[in-house]
Structure formats: structure tokens, C-alpha cells
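The primary structure of each chain is shown beneath.
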Amino acid sequence: MTHLQDQQPEYTPPAEPGATPAPGNDDSAALCEQVARAQAERSTLRIVGGDTKAFHGRRVDATQSLSTTGHHGIVHYDPVELVVTVRAGTRLRDLERALADNGQRLAFEPPYFGDNATVGGMVAAGLSGPRRPWVGAVRDFVLGVRVITFEGKLLRFGGEVMKNVAGYDLSRLMVGAQGTLGVLTEVSFKVLPLPQASACLRLELPLPDALDRLAAWGREPLPITGAAHDGEALHVRLEGGEGSVSATRQRLGGESDAPLFWSQLRELRLPFFDGAFDNAADRTLWRLSLPALARTPALDGDWLIDWGGAQRWLQSPAGNAAEGQDLHHDVAIREAAIAAGGHATRFTPNGGENSPFTPLPPVLAKYHRQLKQRLDPQAIFNPGRLYAEW
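Residues numbered from 1 in each chain as written. Predicted model: local features only at pLDDT ≥ 70, side-chain atom pairs only at ≥ 80, totals over all residues. Heavy atoms only, no water.

(A) The arrangement of the overall build of the chain in detail. Within the chain, the regular secondary structure consists of 11 helices and 17 strands. Looking at the chain as a whole, 52% of its 390 residues are labelled buried. Carbon and sulfur atoms provide 51% of the accessible area of the chain, an area that totals close to 17400 Å². (Helix = DSSP H or I, 4+ residues; strand = E, 2+ residues; numbered from the N terminus. Buried < 20%, exposed > 50% of the residue type's maximum accessible area, 1.4 Å probe, protein only. Areas by Shrake-Rupley, 256 points an atom, 1.4 Å probe, with all protein chains shown as cover.)

Following this line, the structure appears as C-alpha cells:
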């Protein structure tokens, strides 16, 4: 697999006021029919939207594809109530453009990884951008969903208000499930206003000093919405009221930084990530989710710190697959992440059978299997996407 910039169209930031999204289209009946037919024929489905996040997970070996791109459009948007409901095949850039036209946004800053990224793929992948520790993750903003079950039935879970969530919260279970539990057709989100002011700073600090400062700043109500260390300097983003941003900027010091840094970090396009998605490369990209104050594991490679220390990217020398070193390499990194109190996910695609995700503990794996069996007993949806056994 080539680098993301080669395999997907160039990403265009969603900031064209006045641009009109493509007209909507309800394709739910055809999607339900295809799922019902697959269930009757005992065939399997690879669910496809913009396909910009195909690298994130195991390869799906299914008998046919189910495309959601024909099911698109904003169903309902109430800027006053800060709620939007949108069909899963809607391009993410169209949704964010419509929100920006009303001075609002998806606060969790989802990555695109390509211009054709869709809302359904964004929710299924469950990935959040640099703002995540300060505002919340994708699932924190999902109010409700419509899902096609393995029987081809279209069901609704949750709604358009936070209080509408009761009992087993299936709507948030769909976030990060990679399409293995059903076909998302609609999602309702809570949205937030754009900030009145913002500022980006760069402070020349070694990593230990940067983490110490972030720990101290974290105990105060500062308008920080981004904190990353690229190996040379600490990058900080401030967002909020004009007075708060101005005062904090003066207090933290440093020099002005380019806002482009944050969109490049979100899309994994900083120089640090060059070659990370090339199977032929001699390095492997890992994402380690760790406690913010955890000591960086003693692993060979280069580090980039995001989320104020809670997300750490590692470019590590790859193992030799021909000699069976790749599996040992994966295990060593995962064990180091677990020892530090977190887990590790391999982002560089792997042509073998190694799972990019950390294996689940036995008890948790048991509940995952039971959930999969209840919602998709014939394993129709994206078989093997998360783990080989489901």
C-alpha cells in the first residue's frame, strides 16, 4: 500500500463559505434489500464509503461490497439546538462546510485521510484529532444512529438530545466498531460553536520539560486545545474568548506558530509521517495510547507526542517478515505499551495476518464475541476487520 497522499485524492480543507453540498439522496431501501439478500444467501459484505480509512484495520475478505456513498445529505440541522443529523454516505467536507457556514464545527476534529471521507466512515473508524483530550472523542458527540441489522431491518437508536440515551447505548457502540455490528445509515451529532479567537505557539523545549509544563498547565483552566511535541519543540494551540486567549498567549510565551501544523498533524502529513503507509518501507508507524504523564517506553525509533502526552506516535524499525521478526516486533511494542498503562495500534498496513490492534484480554474478548453474535450472528458485516475471529 502506498502513502495515504498517493492512494487518495488531495484533501481540501472544508472552508469555502457559500459552497452548496451535493443534494441529498435516501438510498436506505436499497441498502436494506442488499443486506437482507446477503443474509438469505449467507454471503458477506464489505461496507465501503469513501474508503479513505481502509488501511486502519485488517483486510476484509467478503463476497461483495456494499457502498453507502449513494445515501447522502443532511437530514436535519438546527444551529440553535446545536444538533445535526446526516446520512452516512455524506462527504465529511460537505458536512463541515455546512456547519462552518453557521459558525459551528465538529469539535472532535476528525481526520479525513482523503477528500472522499464520509460521515459513516468517520464514525466507524472512531478516530479523533488533536483536540480530543480537551473536548472529547467522536462517541461523546454521537446522539443517535440509524442502523441496518443483519436481517435487513432499519432501526433507530438514541435521538437528537442527550437525555434520549437510555438502556444499552448501541449508538455509541457503533463508534469504532469498523462496521462489524451493522450498517450505519444516519448519525445525529452534537456540534459546537467556532471559537471567537485562536492562537498557535511554538516553544523550544526538550520533551521532558514540555511534559512537565503540560502537567502543570493541565491543573489550570487554560484555553488549550492542542499540545504536541515533534522532537524539537512544543506546539500549543489556544482557542476560546479573545481575552482568555490573549492573556494565556502572553503567559506561555514562545513564538507564533503556523496553524497549518494542526491540520497536518490531524491528517498525518507532517514530515515525521513520511513513508509511514508504504509497505515497502523499513519503518513501521505505531500509535500508542498512554497516560499523559507516563514515561516514554524504551523502544527504538523516533517519537512524536500528541494529546498532551496521551497519544504517542512511534516510527520504529520494522521487523523482517521473511524471518518471522515482524510478529516479535509487534509483540515487543505492545508489551511495552501495556507496561506503561496503555495499548498500541499499528498504523502501517501489514500484508500478513498480524492484527494491527492489541489483542483483547480473555474476559473482554468474551463480551465482544457475545455482542457480535447477538448483532451479527452470521458474521455478514466486514468479517475479520477488527480481529481474525470476528
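(B) Geometry of the layout of surface pockets. There is about 1300 Å³ of room inside the largest pocket. In terms of lining residues, the largest pocket is bounded by 46 residues, among which Ala125, Arg139, Gly176, His343 and Phe357 are the most central. Put simply, the parts of the chain that give the lining of the largest pocket at least two residues each are α6 (170-173), α9 (260-266), β14 (283-289), β16 (311-317), β17 (343-346) and α11 (362-375). Of the residues belonging to the lining of the largest pocket, the class tally is 26 nonpolar, 13 polar and 7 charged. (1 Å grid on protein atoms, 1.4 Å probe; cavity = no way out; pocket = protein on both sides within 12 Å on 5 of 7 lines; lining within 4 Å. Points joined across faces, edges and corners; volume = space filled by probe spheres on them. Nonpolar A, V, L, I, M, F, W, Y, C, P; charged D, E, K, R; others polar.)

(C) Just the pairing of strand β8 (residues 183-190), in detail. A large share of β8 lies buried, amounting to 7 of its 8 residues. Sheet analysis places strand β4 (residues 83-87) next to β8, joined by 5 bridges and oriented antiparallel. Within β8, the position partnered with valine 83 by the bridge is lysine 190. (Pairing = 2+ DSSP bridges.)

(D) Looking closely at unusual backbone geometry. Of note in the backbone geometry, leucine 82 takes a positive phi value of approximately 60° without being a glycine. Here leucine 82 lies in the loop between β3 (74-78) and β4. Backbone geometry at glutamine 178 places phi at a positive 60°, although glycine is not the residue there. Mapped onto the fold, glutamine 178 is located in the loop between α6 and β8.

(E) Quick peek at helix α7 (residues 207-217). Inspection of α7 places Ala210, Leu211, Leu214 and Trp217 among the buried residues, and these make up the whole buried set. Taken down its axis, α7 places every buried residue within 125° of arc, on the same side. Facing away from the buried side of α7 by over 90 degrees, the exposed positions are Pro208 and Asp212. Lining the buried residues of α7 we find β10 (197-203), β11 (224-229), β12 (234-240), α8 (242-252) and β15 (302-306). (Arc of directions from axis to C-beta. Contact = heavy atoms within 4.5 Å.)

(F) Broad picture of the sheet that holds strand β7 (residues 154-158). Strand order in the open sheet made by the 5 strands is β3-β4-β8-β6-β7, with antiparallel pairing throughout. Two strands lie at the open edges of the sheet, namely β3 and β7, each paired on one side alone. Ignoring strand direction, the axes of neighbouring strands in this sheet form an average angle of 10°. Bridging between strand β6 (residues 142-148) and β8 involves 6 bridges; their strand directions are antiparallel. (Axes fitted to C-alpha atoms, helices over the stretch in contact; angles between N-to-C directions.)

(G) Structural context of the packing of aromatic side chains. Applying the stated criterion to the full structure yields 9 aromatic pairs. Seen in terms of ring centroids, tryptophan 313 and phenylalanine 347 are 5.0 Å apart; in terms of plane orientation they differ by 85°. Their pairing is edge-to-face. Of this pair, tryptophan 313 sits in strand β16 while phenylalanine 347 sits in the loop between β17 and α11, and the two are 34 residues apart along the sequence. In this structure an aromatic cluster arises from ring pairing among Phe55, Phe113, Phe272, Phe273, Trp313 and Phe347. Directly above the ring of tryptophan 262 sits arginine 237, whose terminal nitrogen or CZ lies 5.0 Å from the centroid. Across the ring face of tyrosine 367, the terminal group of lysine 366 is positioned such that the distance to the ring centre comes to 5.8 Å. (Phe/Tyr/Trp six-rings, centres within 6.5 Å; stacked < 30°, edge-to-face > 60°. Lys NZ or Arg CZ within 6 Å of the ring centre and 35° of its normal.)

(H) Representation of empty space enclosed by the protein within the structure. In this structure the tally under the stated criterion is 1 cavity of 30 Å³ or more. Considering the residues around the largest cavity, the lining is formed by 30 residues, among which Ile47, Gly49, Gly121, Ala124 and Asn382 are closest to the centre. Among the secondary structure elements, those contributing two or more residues to the lining of the largest cavity are β1 (45-48), α4 (119-125) and β8. Broken down by element, the residue count for the lining of the largest cavity peaks at 5 residues, all from α4.

(I) Region of the structure containing the nonpolar core. Of all hydrophobic cores here, the largest spans 31 residues; its most connected members are Leu95, Leu106, Val119, Met122, Leu184, Val187 and Phe189. Elements that contribute at least two residues to this core include exactly β4, α3 (92-101), α4, β6, β8 and α11. Dropping the residues within four chain positions of it, methionine 122 is found in contact with Lys53, Leu92, Leu106, Phe108, Pro110, Leu127, Val138 and Phe189. If you look at the next biggest cluster of nonpolar residues, it comprises 30 residues, including Leu201, Leu203, Leu211 and Leu234. (Core = buried A, V, L, I, M, F, W, Y, C linked by side-chain atoms within 4.5 Å.)

(J) Fine view of the environment of arginine 37. For arginine 37, the position within the fold is in helix α2 (residues 28-41). Arginine 37 sits 114 residues away from glutamate 151 along the chain, and the two C-alpha atoms are 8.8 Å apart.

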